[in-house]
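# Reading the structure
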Amino acid sequence: MAFLKMTGEATTVTWRDALSAAYTPDRMWVVTSPNVPFVPMPPTGILEVVLRADYRYGLVDPIQWPQVYSPGYEYLCAIQRPLPATHRLSPLWWTPSEDADFERVQGCTIKCLGLLRRESVRALGELVEEMSRLVADAVAAGKDFVDDRLMSLETAMRHSQDRLVNFPCTFRDAALQVRQVQRYWLMSRAFIDYYSVCKRGRERAIRGDRAPPVDVRFMGAFTTEPGVVQCLFEAGIPVWWIRQDASILEEIVIIEIRDVDEPRNICQRVGSDHGEVLYRGLVGTKHLQATVRGGHTYRDISRAPLLVVDYVGGYPAPMSHREYQQALVSADGSGYQPGRTQVHSNPAQGPRLNRSPGVASAVQAHTRAHPYARPSNARKSHGRGIDKFADLVHPWMPAALDVWRDVMAQVDQHAAGVQVNQGRWGYWIPDPGMFVRTQTEDRATRYFMTWLRVRPGWLYMLRVKDAALSRISPQWWRDFLYGDTGRADLKEGSRNALRASQFMHVFGQAFQREDLDLNPTAPPTWFGRRLPTLDRSLCPQILWEICELGFRVELLALDRLLVPLRDQRLTEEHREDLIASVFPDRAIYGVSKLPEEGCEGLSAQVPQRRAPYLEAFRCVLSRWPRCPRSIHDGVPITTALQRETIIVREREMVQYYVETFYRESGRAPIVPRAFPRA
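Residues numbered from 1 in each chain as written. Predicted model: local features only at pLDDT ≥ 70, side-chain atom pairs only at ≥ 80, totals over all residues. Heavy atoms only, no water.

Here we take up the overall build of the protein chain. Within the protein chain, the regular secondary structure consists of 17 helices and 13 strands. Split by element, the accessible area of the protein chain, about 29,100 Å² in all, is 50% carbon and sulfur. (Helix = DSSP H or I, 4+ residues; strand = E, 2+ residues; numbered from the N terminus. Areas by Shrake-Rupley, 256 points an atom, 1.4 Å probe, with all protein chains shown as cover.)

Next comes the structure, spelled out in structure tokens:
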């Protein structure tokens, strides 16, 4: 420290001066602060954003350590520092314990899935509700700092909380969701605090008042810009000025010279199943963006992995029966074949959907803006000779909604430019008709019970990046839900081997063989009900949920295809929030709760009760190409409209949706139905 000298008293410090000063370890830079008596180690140069063992990002994480002040993320300097466990905000730094907080789903084919206990996440949920109200109040008050960034952060926070509470996953993923909720809460609070204190700081500077005492609750920021130093100093936010020692003039007051503070209590260890580098490069905006986007929202994850659209090709078509049979045999020949009973010892290398024969060539063959060629000889959307546009009547099938039934019956199945045969989309959710078109009651029972056991794992799979679930063939659904190989001549070992191959054919994308329980002894659970045997009185409600899941997934799939969002920060959260508003429980990836009386959403009997959800549906459709002007520019659908007017508007939207889905997918959509009351 030959150059730096202490030259003044603490009462004389201005934003140009140094309450503390330190050289970086390489002695290339001097770091000074005009308002705090310590100097943290600055993150400089080339760095990597890697998930650590505590599900954060270590020294480069803005919720753990001060970062470089960067445009677009300037508010991160106002991140709240950790507080004691007795503070009411302490859940924002809570780490769940697998033994104490995680409860596995009973009776599920994937035995590693579960949820954090409600009492464990209750305090965090209350903070989420509080932050949502705070943001809503800021919007209602017309605060000038409110912009899309704040709305995106609040939306991402709510979505993370919804996933955390409602959707089973592995413990690792549950811990990641906790971190996501905490991160977005802290960032939302920082956004509001930053612009509030900076505004007061500017007003104070205009009046000529002295800068306020530094608020040590805030994380602070590093910068090389004098203007930023002045702004944060006047706002009372910790700031550290990185500069060369030659730029420090003799008249600069330096109160204390010290060493930089090394990180303490920050995990730098990479977990055994982590290590993917999300970003490698210079410190700044891009590295902060990597931590915000969080490449680990779920285990094996992209931020919006459900129904990934190949931007060139769209959704892959379902596998042919021959491809399906080939997919049950692994690439190295270690899978099940007739006469063999071998099971994969390393399922991660076993047959996976995206490695099945024909998948790569099918995707590579897509060179158009739409997923498939548009043949002119369109055929009816039949599956196994069944017209799936016709209403299916069965004691277990929930009643059709009048408008949807009428529109489906009137679809022109000979319309030109509709996908057929090899171009039809598969089913991300099993066809509801499959459950009631069985020849025997035993097969129907097997379908229901197997679905209930696999349901948590399947809803999890819908989120896994590149799962390409549209490649699932209808035969796979029939074989898998039946729960047997369908061949009486197979020995038990052969049955289990084929069953494992069927399972790993899809679930091997995210789970290992040891995660699989082919014959769970505990009964499956459905909305809090334990079902050791099939309760036939619940079949209509189970089918209602399957229809609802199918509609939600297909609506999201079609929206992703028609309204692509590429390389835009957090835009997927906006899409999900927009589509979620169509449903009473505001969920897309599943049904979080069964509808209550009077809150049935699009299936409400009274048109005025459907109005808010129809308006949300209109807002989704109005973004699509070739949307009729009467939908796009029509007046909002409100409860003030006449009953007949609401029904007319509804019919127009349903017709546009059904025809658009048919045109793009080549098959009938799964549509919502009336909720059956017990």
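Let us keep going from here.
With that settled, the discussion passes to the confidence of the model for the protein chain. Taken over all residues, the pLDDT of the protein chain has a mean of 81, while the share at 70 or more is 78%. Here helix H8 (residues 359-364) stands out as the element of the protein chain with the lowest mean pLDDT, 32, in contrast to strand E7 (residues 221-223), whose mean of 97 is the highest. Confidence over residues 299-308 falls short of pLDDT 50; this stretch has 41 contacts with residues more than four positions distant or in other chains. Low pLDDT (under 50) marks residues 330-379, which in the prediction has 122 contacts with non-local residues, meaning those over four places away or in another chain. (pLDDT = per-residue confidence, 0-100. Contact = heavy atoms within 4.5 Å.)

Membership of the largest hydrophobic core comes to 166 residues, with the highest contact counts inside it found for Trp451, Trp458, Phe507, Trp624 and Tyr657. In terms of residue count, helix H4 (residues 171-207) provides more of this core than any other element does, 16 residues in total. In this structure, Trp451 is in contact with Pro430, Phe435, Trp458, Trp477, Leu481, Ile542, Ile546 and Leu549, ignoring residues within four places of it in sequence. Among the nonpolar cores identified, the runner-up in size contains 11 residues, and Ala22, Val39, Phe222 and Val260 belong to it. (Core = buried A, V, L, I, M, F, W, Y, C linked by side-chain atoms within 4.5 Å. Buried < 20%, exposed > 50% of the residue type's maximum accessible area, 1.4 Å probe, protein only.)

So, on to the pairing of strand E2 (residues 30-33). Side chains Val30 and Thr32 project from E2 onto one buried face, and the interleaved Val31 and Ser33 project onto a second face that is buried too. Pairing of strand E1 (residues 20-23) with E2, which is carried by four bridges, proceeds in the antiparallel orientation. The residue of E2 that forms the bridge with Ser20 is Ser33. In this structure, the hairpin formed by E1 and E2 is closed by a connection of six residues, where Arg27 is found at a positive phi of approximately 60 degrees. By the bridge criterion, three bridges tie E2 to strand E8 (residues 239-243) in an arrangement that is antiparallel. Its bridge partner being in E8, Val30 is matched across the sheet by Arg243. (Pairing = 2+ DSSP bridges.)

Strand pairing within a sheet occurs via backbone hydrogen bonds; the two strands may be parallel or antiparallel. Pairing in this open sheet of five strands is mixed, and the strands run E1-E2-E8-E7-E4 from one edge to the other. One side of each edge strand has no neighbouring strand; the edge strands of this open sheet are E1 and strand E4 (67-68). Strands E7 and E8 of the sheet are contacted by helix H5 (residues 226-235), whose axis makes an angle of about 165 degrees with E8. (Axes fitted to C-alpha atoms, helices over the stretch in contact; angles between N-to-C directions.)

What follows deals with helix H17 (residues 643-665). Between its first and last C-alpha atoms H17 spans 32 Å; for 23 residues at 1.5 Å apiece the expected length is 33 Å, and the two agree. The first or second residue beyond H17 is Gly666, which carries a positive phi of 80 degrees. (Expected span 1.5 Å × (residues − 1).)

To continue, consider the side chain of Asp173. Along the chain, Asp173 falls in helix H4. For Asp173, the side chain forms a polar contact with the side chain of Tyr460, separated by 2.4 Å. (Polar contact = N/O pair within 3.5 Å; in protein donor to acceptor, adjacent residues only side chain to side chain.)

Let us now look at the side chain of Asp585. Of note, Asp585 is situated in the loop between helix H14 (571-580) and helix H15 (607-621). At 3.0 Å, the side chain of Asp585 forms a polar contact with the side chain of Arg552. In contact with Asp585, not counting residues within four places along its chain, are Arg552, Gly590, Val591, Ser592 and Lys593.

A separate point is the pattern of salt bridges. Inspection of every chain in the model, using the stated rule, returns 37 salt bridges. For the salt bridge of Asp54 with Arg56, the shortest nitrogen-to-oxygen distance reads 3.2 Å. Taking the relative accessible area as the measure of exposure, Asp54 reaches 15% and is therefore buried. A salt bridge links Asp61 to Arg183; its shortest N-O distance comes to 2.8 Å. Of this pair, Asp61 sits in the loop between strand E3 (46-50) and E4 while Arg183 is found in helix H4, placing the two residues 122 residues apart along the sequence. With relative accessibility at 0%, the residue Asp61 sits in the buried group. The class for Arg183 is buried, based on a relative accessible area of 1%. Salt bridges sharing common partners tie together Glu154, Arg158, Asp577 and Arg586. (Salt bridge = Lys/Arg side-chain N within 4 Å of Asp/Glu carboxyl O.)

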